[in-house]
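Secondary and tertiary structure notes
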Amino acid sequence: MNERLRTAMLRHGVAMEDLAEVCGVEPKTVERWINTGRVPHRRHRWAAAKKLSADETYLWPDVLESSQPQKSRASRSELVEVFPDRASVPRELWLRLMVEAQERLDVLVMLAAAAERGVSVRLCFGDPAAQAVEIRDREEGLGGTLAAKIRSSLTYYKALPDLDNCEIRLHAITLYASLFRYDDDILANPHAYGEPASANPTFHFRRLDGGVIADHYMTSFERVWAEAQPWSGTGMRHSHRGRGGPHPSATQTRYGTVGVAHGKDGDRRDTLTVRRS
């Protein structure tokens with residue numbers, strides 16, 4: 001008997017039929033989960049845990065013991081390639097990932113077309129007035145030019161907020177990696193102290209069931225996005241100056257991302273995130 005599952009259902013007023021519908025199974029199957037202690041398939045555990053506002057390892061403790069080796073193997077398998085620096089990422093890879101995420105070519109043309117197709121386009125730059133940008137500039141020895149580079153990059157995108165399905169935000173958070181996300185693929189470019197992002201290694205991960213690394217970075221972007229403030233193309237709705245900011249709230253949709261959240265080095269590629277709705 002799975003007393004934890006039974007008790008969680010009673011506390012939340014969830015009948016077997018309700019849980020069965022959420023999980024896409026027959027009520028008899030849920031009954032077996034309760035009465036025989038049978039452990040459901042992973043996707044059913046996740047759906048049930050979400051419905052019952054519980055952790056799957058609480059509802060099915062045996063999963064924790066059996067999942068650790070699998071999680072480790074899956075996480076290692078998520079690593080597709082390692083590049084010594086961001087400049088070493090082949091142009092063909094950027095293009096292929098963009099095409100597969102239904103993006104392509106001239107950034108402005110590509111984004112406008114994607115937005116028109118119903119792709120949700122999200123761009124997140126470092127706020128040039130934020131203290132975090134000022135500190136980053138000093139740490140990298142850029143001589144006060146980083147804020148100007150971000151402002152210059154923003155000029156490429158000032159027309160995009162007027163498009164449906166397109167939003168631009170500015171953040172004031174200290175970032176430790178530039179992230180480039182295309183659906184289940186993500187390129188993570190960690191920042192070593194004193195080095196520009198483009199001079200640091202870049203890791204290409206592809207999200208797998210049971211893996212945790214790709215989701216780890218994807219959730220990080222969502223945290224930054226949740227803290228960032230909307231940018232209309234001319235100014236921000238709220239000031240960020242001096243804020244260091246906390247973190248997120250992740251969504252359940254698939255993503256197509258072409259870049260990430262910092263606007264460092266004035267490089268357009270690390271200021272762009274696209275979510276496929």
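Scroll up a little and you will see the structure.
Residues numbered from 1 in each chain as written. Predicted model: local features only at pLDDT ≥ 70, side-chain atom pairs only at ≥ 80, totals over all residues. Heavy atoms only, no water.

**Some remarks on the nonpolar core**
Leu 5, Leu 19, Val 30, Trp 33 and Leu 52 are the most contacted members of the largest nonpolar core, which has 17 residues in total. Those elements that provide at least two residues to this core are helix 1 (3–11), helix 2 (16–23), helix 3 (27–35) and helix 4 (42–51). Apart from residues no more than four positions distant in its own chain, Leu 52 is found in contact with Leu 5, Ala 8, Met 9, His 12, Val 14, Leu 19 and Leu 59. (Core = buried A, V, L, I, M, F, W, Y, C linked by side-chain atoms within 4.5 Å. Buried < 20%, exposed > 50% of the residue type's maximum accessible area, 1.4 Å probe, protein only. Helix = DSSP H or I, 4+ residues; strand = E, 2+ residues; numbered from the N terminus. Contact = heavy atoms within 4.5 Å.)

**Observations concerning the packing of helix 2 against helix 3**
Contact geometry of helix 2 with helix 3 gives a least axis separation of 8 Å together with a crossing angle of 110 degrees. Put simply, helix 2 runs roughly perpendicular to helix 3. Contact with helix 2, carried on its side by Met 16, Glu 17, Leu 19, Ala 20 and Cys 23, involves Pro 27, Val 30, Glu 31, Trp 33 and Ile 34 of helix 3 and no other residues of that element. Grouping the amino acids of the contact of helix 2 with helix 3 by side-chain chemistry returns eight nonpolar, no polar and two charged. (Axes fitted to C-alpha atoms, helices over the stretch in contact; angles between N-to-C directions. Parallel < 35°, antiparallel > 145°, perpendicular 65-115°, else oblique. Nonpolar A, V, L, I, M, F, W, Y, C, P; charged D, E, K, R; others polar.)

**Topic: helix 11 (residues 213–227)**
For helix 11, built from 15 residues, the straight-helix expectation of 21 Å at 1.5 Å per residue is met to within 8% by its first-to-last C-alpha distance of 22 Å. Looking at helix 11, one finds that the buried residues are Ala 214, Met 218, Phe 221, Glu 222, Val 224, Trp 225 and Glu 227. (Expected span 1.5 Å × (residues − 1).)

**Focus: the packing of aromatic side chains**
Within a pair of aromatic rings, the relevant descriptors are the distance that separates the centres and the angle that separates the planes. Tallying each qualifying case throughout the model produces seven aromatic pairs. Summarising the aromatic geometry, the rings of Phe 205 and Tyr 217 are spaced 5.9 Å apart at their centres and angled 25 degrees between planes, so their arrangement reads as stacked. With Phe 205 in strand 6 (residues 202–206) and Tyr 217 in helix 11, this pair connects stretches of sequence that are 12 residues apart. (Phe/Tyr/Trp six-rings, centres within 6.5 Å; stacked < 30°, edge-to-face > 60°.)

**Points about the pattern of salt bridges**
Using the criterion set out here, one finds seven salt bridges in the structure. Taking the shortest distance from any N to any O, the salt bridge between Glu 56 and Arg 45 comes out at 2.6 Å. Pair noted here: Glu 56 is in helix 5 (residues 56–59) and Arg 45 is in helix 4, with a separation of 11 residues, a long-range link. Residues Glu 56 and Arg 45 agree in their burial class; the two are buried. For Asp 185, the salt bridge goes to Arg 206, with nearest N and O atoms at 3.0 Å. Taken as a pair, Asp 185 in strand 5 (residues 185–190) and Arg 206 in strand 6 lie far apart in primary sequence, 21 residues in all. (Salt bridge = Lys/Arg side-chain N within 4 Å of Asp/Glu carboxyl O.)

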